[in-house]
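Residues per chain, in single letters:
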Amino acid sequence: MERLKSRSARTGTAGLVRSVTIRVLRFATLLIGVSVLAFALVLNSPVDPIQAYIGADVNVTDEQLARLREYWGLDGSPIEQYSAWARAMLEGDLGVSTLYKAPVSAVIGERFWASVALMGVAWVLSGVLGYCLGVIAAFHRGRLADRIITGYSYVLSSTPTFWLGIIFLVAFAVRLGWFPVGLAGPHGVPADEVTFAQRLHHFALPAATLSLIGVANIAMHTRERMTDVLHSDYVVFARARGERGGSLFRNHGLRNSIVPAVTLQFAYFAELFGGSVLAETVFSYPGLGSTLTASALGGDVPLLLGIVLISSAFVFAGNLIADLINAAIDPRVRNRL
Amino acid sequence: MATGCAAGNSGAAGAGARGTELVIAVGDIAGGEFDPLKGWGSRPAQIRPIHSSLLAIDSKVNFVDDLASKYSVSEDALVWSFTVRDNARWSTGEPVTAQDVAFTYELLKKDGTRFDLSFVDKIVAVDDSHVEFRLSEPRSTFVSELSEIPILPKAHYGPDYSSDPIGSGPYRVKDFQDGQQVILEPNPYWYGDTVKFTKLTFLFLAEDAALAAAKSGSVDIAYVPPAFADQKIPGMTLQSFETVDSRGLTLPTLPAGNSGKIRGNDVKVGNDVTSDPAVRRALNIGLDREGIVELVLQGHGRPAYTLVDGLPWFNEETVFEDGRTDDAKQILEKGGWADSDGDGIVEKDGAKAQFTLLYPSDDQLRSDLALVVADQARKLGIEITAKGTTWDGIYLDGKANAVTWGGGRHHAHQLFGMYSSKTIDTGYNNMPQYSNAAVDKHLSAGLAATTPEEANKSWKLAQWDGKSGFAGENGDAPIVWLVRIDHLYLVRDGLDLGDQPIQGHGHEWALFNTIADWKWSG
């Protein structure tokens, strides 16, 4: 008995080491794959980086052009260009943004927190709100509350982020004037004098747009899952014992329905990133999303690759956290890990 | 929420009333902030708020002294000498010296990507207030670089210049929030008349966001694209400014089968239809420019006959009555073109008068222009196929087909670049591969001139000298210029934006030539 226990502990550690190694390898190959793909796409895009940089109507002499090509590193073959970037990257140097003429890490660092705050708030709000709505809908399946929530979710999930953003902008910023039209701080106020309340005020509309869009998916999945739970044998039995409403939810519903919700919500990182690009553009919010657009349109390869790497790390982390949390909640998943 | 609202309103203070503060949203103006090495100064009037330059333009687009109190050009046009004004101060209070000027030009010449200073051989700061430029070839259009390059402080310039720029212009930067806004306050050491505003805030908002901000009442000046010019916003008036921002068609002047270069790439050159002068002239007088302005710019523009309409070096003899369908048909007939098969398109030697017109499909204005031109040309008996492509595509096929071309600067060098045979196969100069000995002679004389008056005379003769030229009713028309765009802004009622010169290409900064003179009228 004693021996058996210690053996299972050992396999447990070995298993953990193995699964961590696999994940690290997966992460590395993901980054390599994504960066090669992004690089190939930029190289084959119709955007000529130099053209984008100097503007369509600005003529340059042949000498200027030659110097720009040299500065951009466009002299070498694609493979040379990529390996030069990858080598520097392995040494921790993300390169210099050609558009901003500043280190990529500095450009990203400046904008990262604005985006993280936006996405973080949208993520938490959409998760909590979506889960609650899903639960309510399931408990009232077929009745008015369910129909309202379902209808609302269908409408929202067929709504593009930028469109909802524009509607909010027109309604709340232009017509009603409750919120500012864009940017992250009030006009004419130096950055160090902007109060937290003002920041929040500018933050509200883009965050609300992103949150509301995210609600639909999670609400509908939770509704389905919770309906299954409510029709399961153990709930029928619990009901027979007299459990109702709150206690039924606490004892049986929560744990059984939260797993898919959590998985979904962490996997939603990827969509959230895409949504924030659009929301930031509509609300002129200076985050990673708008910088990503600028770098892609401007042919700024180092900056684009930098943002792509950061965002894939972000999405990968989301999925990893989802796995870990699932394991923590559900012993069956833990055993499989 | 309540505090949030209050905060938002106080933030927008200045907009809406005749205050001493202005909020300005003229498009997404982010990029290259304050540093010429990053491109600051490559757009007309971009440097005016916080920098000064040796020369500047006045409201008639004459080149006048700015940081220089006087200048002279040597007899052989190779030595330009400047005296730096003695009351010029940096926003830190230190004097601006000839060494600062030399430092700036050396820096940009060495960089060699942003400003073309390849014709400058040597820059010498003779003493604290005198600087000399020695050129390797005569270049009267040097005045354009002299009025576009912002002078930098030698003692304060470094990699962090963008975040703490020091200039010698009317305003200085109080706060720069990258990607969001720039807040300016008056430079107390500015050598000009005291400015009337205590704070200018430039918002980095794209066009639709700028318009939305104007509607919500939080900006005083907003750029409007022509399509939205009908918008009425209480308290604001639409102000329209004439520009030299021109659009037209380049038409290859050589027959098909030649070869040449665009930006260093070997490309096919020539087109059998457009190389016939009769076809180019027929288009030049047959197309209806007013009609194009109406359709393409919703009326917010004016006809263009040369690249330089309205500027001091514009030859007014090149203006003619257009939209003359019958005359155009007659020219074609005299050139041997006739519609023998009755399909409405003329032929010559069995070949139809048809060619392809390339336009960049991401450019709405040029797309519309191409379609309208194709439609009008059909009435003349010429079949134009409008084809959308990318700029890369245009730089590959642009010398064998027609292209919707653009330009318009406050200097005459573009004339040399677009029409001199010396520029063929360099950059994307002279797309039609045009050469005319008489025009070449005038253009070279223009470059070698030692005074602006002398140069302007030559530029005018190059357009039309009474016998030949690249413009005018009887000119060679390698580029048929069609329209000039008006820049439109919604401006707070009562705001006087000064005596604006004809604006240059690019609506974002063009307004700021007169920034030091802005005031409330009445």
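The shown structure was predicted, so the numbers you read here are calculated from the model rather than taken from an experiment. (Residues numbered from 1 in each chain as written. Chains lettered and ligands numbered in written order. Predicted model: local features only at pLDDT ≥ 70, side-chain atom pairs only at ≥ 80, totals over all residues.)

Draft legend 1. Geometry of the overall build of chain B. Each helix and strand counted, chain B has twelve helices and 25 strands in total. In terms of overall dimensions, chain B is globule-like: its C-alpha atoms have a radius of gyration of 25 Å, near the 24 Å expected for 522 residues. Along the first, second and third principal axes, the C-alpha atoms of chain B reach 75 × 60 × 40 Å. By residue count, 54% of the 522 residues in chain B fall in the buried class. Considering only residue pairs separated by 6 or more positions, chain B has 68% of its internal contacts joining residues 24 or more positions apart. (Helix = DSSP H or I, 4+ residues; strand = E, 2+ residues; numbered from the N terminus. Rg over C-alpha atoms; globule rule 2.2 N^0.38 Å. Buried ≥ 20, exposed ≤ 12 C-beta atoms within 10 Å, placed from the backbone. Contact = placed C-beta atoms within 7 Å.)

Draft legend 2. How the structure looks around the overall build of chain A. Counting secondary structure elements, chain A contains 14 helices and zero strands. For chain A, the succession of helices and strands along the chain, N to C, is α-α-α-α-α-α-α-α-α-α-α-α-α-α. On the principal axes, the C-alpha backbone points of chain A span a range of 85 × 65 × 40 Å. A burial count over chain A gives 35% of its 337 residues as buried. Long-range pairs, those at least 24 residues apart, make up 73% of the contacts in chain A between residues at least 6 apart in sequence.

Draft legend 3. Summary view of the interface of chain A and chain B. Counting from both sides, the interface comprises 42 residues of chain A and, opposite them, 49 residues of chain B. The set of elements that each furnish at least two residues to the side of chain A that touches chain B consists of α3 (62-72), α7 (161-175) and α8 (196-230) of chain A. The greatest single-element share of the side of chain A that touches chain B, amounting to seven residues, is contributed by α3(A).

Draft legend 4. Summary view of the sheet that holds strand β5 (residues 79-84) of chain B. Residue and element names in this part refer to chain B. An order of β4-β5-β7-β6 is seen for the four strands of this open sheet, with the pairing classed as antiparallel. What marks the edges here is a single partner per strand, and that holds for β4 (68-73) and β6 (120-127). Here the average twist between neighbouring strands, direction ignored, is 15 degrees. In this structure, β5 lies alongside strand β7 (residues 130-135), joined through five bridges in antiparallel fashion. If you follow Val79 over to β7, its bridge partner there is Arg134. The sheet strands contacting helix α2 (residues 98-111) are β5, β6 and β7, and the helix crosses β6 at an angle near 160 degrees. (Pairing = 2+ DSSP bridges. Axes fitted to C-alpha atoms, helices over the stretch in contact; angles between N-to-C directions.)

Draft legend 5. Main features of the environment of Ser216(B). Position of Ser216(B) relative to the elements: it lies in the loop between α4 (207-215) and β11 (221-223). In sequence terms Ser216(B) and Ile233(B) are 17 residues apart; their C-alpha atoms lie 9.2 Å from each other. Those residues in contact with Ser216(B) that sit more than four places away from it in its chain are Ala173(A), Val174(A), Gly177(A) and Val181(A).

Draft legend 6. Seen up close, unusual backbone geometry. Although it is not a glycine, Ser284(A) adopts a positive phi angle of roughly 45 degrees. With respect to the secondary-structure elements, Ser284(A) resides in the loop between α11 (269-282) and α12 (288-297). A positive phi angle, near 70 degrees, is found at Phe34(B), a position not held by glycine. Mapped onto the elements, Phe34(B) comes out in the loop between β1 (21-25) and β2 (55-57).

Draft legend 7. Looking closely at the sheet that holds strand β23 (residues 487-492) of chain B. Residues and elements named next belong to chain B. Taken in spatial order, the seven strands of this open sheet run β8-β9-β10-β1-β11-β23-β12, and their pairing is mixed. Two strands in the sheet have a free side with no partner beyond their single neighbour: β8 (171-177) and β12 (236-241). Neighbour-to-neighbour, the strand axes of this sheet turn through a mean angle of 20 degrees, independent of strand direction. Bridge analysis of β1 against β11 gives two bridges, and the strand direction is parallel. Within β11, the residue paired with Ile24 across the bridge is Ile221. Here α4 sits on the sheet in contact with β1, β10 (199-203), β11, β12 and β23, set at roughly 145 degrees to β11.

Draft legend 8. Representation of the packing of helix α9 (residues 233-240) of chain A against helix α10 (residues 245-267) of chain A within the structure. Residues and elements named next belong to chain A. Between α9 and α10, whose axes approach to 11 Å, the crossing angle comes to 155 degrees. Taken as axis vectors, α9 and α10 run roughly antiparallel relative to one another. Regarding α9 and α10, the two cross each other, and that crossing is right-handed. Here α9 contributes Tyr234, Val235 and Ala238 to the contact with α10, which in turn contributes Leu248, Asn251 and His252. Classifying every residue of the contact of α9 with α10 by side-chain character gives four nonpolar, two polar and no charged. (Parallel < 35°, antiparallel > 145°, perpendicular 65-115°, else oblique. Left-handed = near helix turned anticlockwise from the far one by under 90°. Nonpolar A, V, L, I, M, F, W, Y, C, P; charged D, E, K, R; others polar.)

Draft legend 9. Looking closely at the packing of helix α5 (residues 104-139) of chain A against helix α6 (residues 144-157) of chain A. Residue and element names in this part refer to chain A. One can describe the packing of α5 onto α6 by two numbers: an axis separation of 7 Å at closest approach and a directional angle of 140 degrees. Classified by the angle their axes make, α5 and α6 are oblique. Judged by the sense of rotation from one axis to the other, the crossing of α5 with α6 is left-handed. Touching Leu133, Ile136 and Ala137 of α5 are Ala145, Asp146, Ile149 and Thr150, all from α6.

Draft legend 10. Quick peek at the UniProt feature "transmembrane region" (unreviewed entry) in chain A. Residues and elements named next belong to chain A. Residues given the UniProt feature "transmembrane region" (unreviewed entry) here are residues 24-43, 112-139, 160-180, 200-220, 258-283 and 303-329. Counted over residues 258-283, helix gives 92% and strand 0%. Its end C-alpha atoms are 33 Å apart. Taken end to end, residues 303-329 has its terminal C-alpha atoms 39 Å apart, with 100% of it in helix and 0% in strand. (UniProt positions renumbered as here; feature names shortened; annotations may be inferred.)

Draft legend 11. How the structure looks around the nonpolar core. Residues and elements named next belong to chain B. Formed by 108 residues in total, the largest nonpolar core has its most connected members in Ile24, Ala25, Leu203, Ala213 and Ala222. Look past the residues within four positions of Ala25 in its chain and what remains in contact with it is Leu203, Leu205, Ala210, Ala213, Ala214, Val219 and Ala222. Counting residues in hydrophobic clusters, the runner-up holds 106 residues, among them Trp90, Leu108, Leu117 and Ile331. (Core = buried A, V, L, I, M, F, W, Y, C linked by C-beta atoms within 7 Å.)

Draft legend 12. Looking closely at helix α8 (residues 364-380) of chain B. Residue and element names in this part refer to chain B. Counted at 1.5 Å a residue, the expected span for α8 with its 17 residues is 24 Å, and the 25 Å between its end C-alpha atoms agrees. For α8, the complete set of buried residues consists of Leu365, Arg366, Leu369, Ala370, Val372, Val373, Gln376, Ala377 and Leu380. Gly381 sits one or two positions beyond α8 and adopts a positive phi of about 95 degrees. (Expected span 1.5 Å × (residues − 1).)

Draft legend 13. Representation of the UniProt feature "domain: ABC transmembrane type-1" (unreviewed entry) in chain A within the structure. Summarizing the sequence annotation, UniProt attributes the feature "domain: ABC transmembrane type-1" (unreviewed entry) to residues 112-326 of chain A in the numbering used throughout. A distance of 28 Å separates the end C-alpha atoms of residues 112-326 of chain A, which is 80% helix and 0% strand.

Draft legend 14. How the structure looks around the pairing of β5(B). Residue and element names in this part refer to chain B. Only one face of β5 is covered, namely the face carrying Trp80, Phe82 and Val84; the face carrying Val79, Ser81 and Thr83 is uncovered. Across five bridges, β4 lies against β5 in antiparallel orientation. The residue of β5 that forms the bridge with Val73 is Trp80. Counted between consecutive antiparallel strands, the loop separating β4 from β5 contains five residues, among which Ala77 sits at a positive phi close to 65 degrees.

Draft legend 15. Representation of the environment of Arg289(B) in the model. Its place among the elements puts Arg289(B) in helix α6 (residues 289-296). It is 7.9 Å that separates the C-alpha atoms of Arg289(B) and Arg302(B), two residues lying 13 residues apart in sequence.

Draft legend 16. A look at the confidence of the model for chain B. All names here are of chain B. Of the residues in chain B, 97% have a pLDDT of 70 or more, and the chain-wide mean is 91. Segment residues 1-14: pLDDT under 50, and 26 contacts once partners within four positions in sequence are set aside and those in other chains are kept. Complex prediction metrics read pTM 0.83 and ipTM 0.75. (pLDDT = per-residue confidence, 0-100.)

Draft legend 17. A look at the pairing of strand β14 (residues 258-262) of chain B. All names here are of chain B. Here β14 pairs with strand β15 (residues 265-269) via five bridges, running antiparallel. The partner of Ile262 across the bridge, within β15, is Asn265. What sits between the antiparallel neighbours β14 and β15 is a turn of two residues, in which Arg263 has the positive phi angle 50 degrees.

Draft legend 18. Highlighting the environment of Gly274(A). Residue and element names in this part refer to chain A. With respect to the helices and strands, the residue Gly274 is situated in helix α11. For Gly274, a count of 13 C-beta atoms within 10 Å corresponds to the partly exposed category. Once the C-alpha coordinates of Gly274 and Ser312 are considered, the two residues, 38 residues apart in sequence, prove to be 12 Å apart.

Draft legend 19. Seen up close, helix α11 (residues 437-448) of chain B. All names here are of chain B. For α11, which comprises twelve residues, the first-to-last C-alpha distance of 17 Å matches the rise-based estimate of 16 Å (1.5 Å per residue) to within 8%. Within α11 the residues assigned to the buried category are Val439, His442, Leu443, Gly446 and Leu447. Relative to the axis of α11, the buried residues are bounded by an arc of 140 degrees and lie together on one face. Summarising the contacts, the buried residues of α11 are in contact with α10 (413-419) and α12 (452-463). (Arc of directions from axis to C-beta.)

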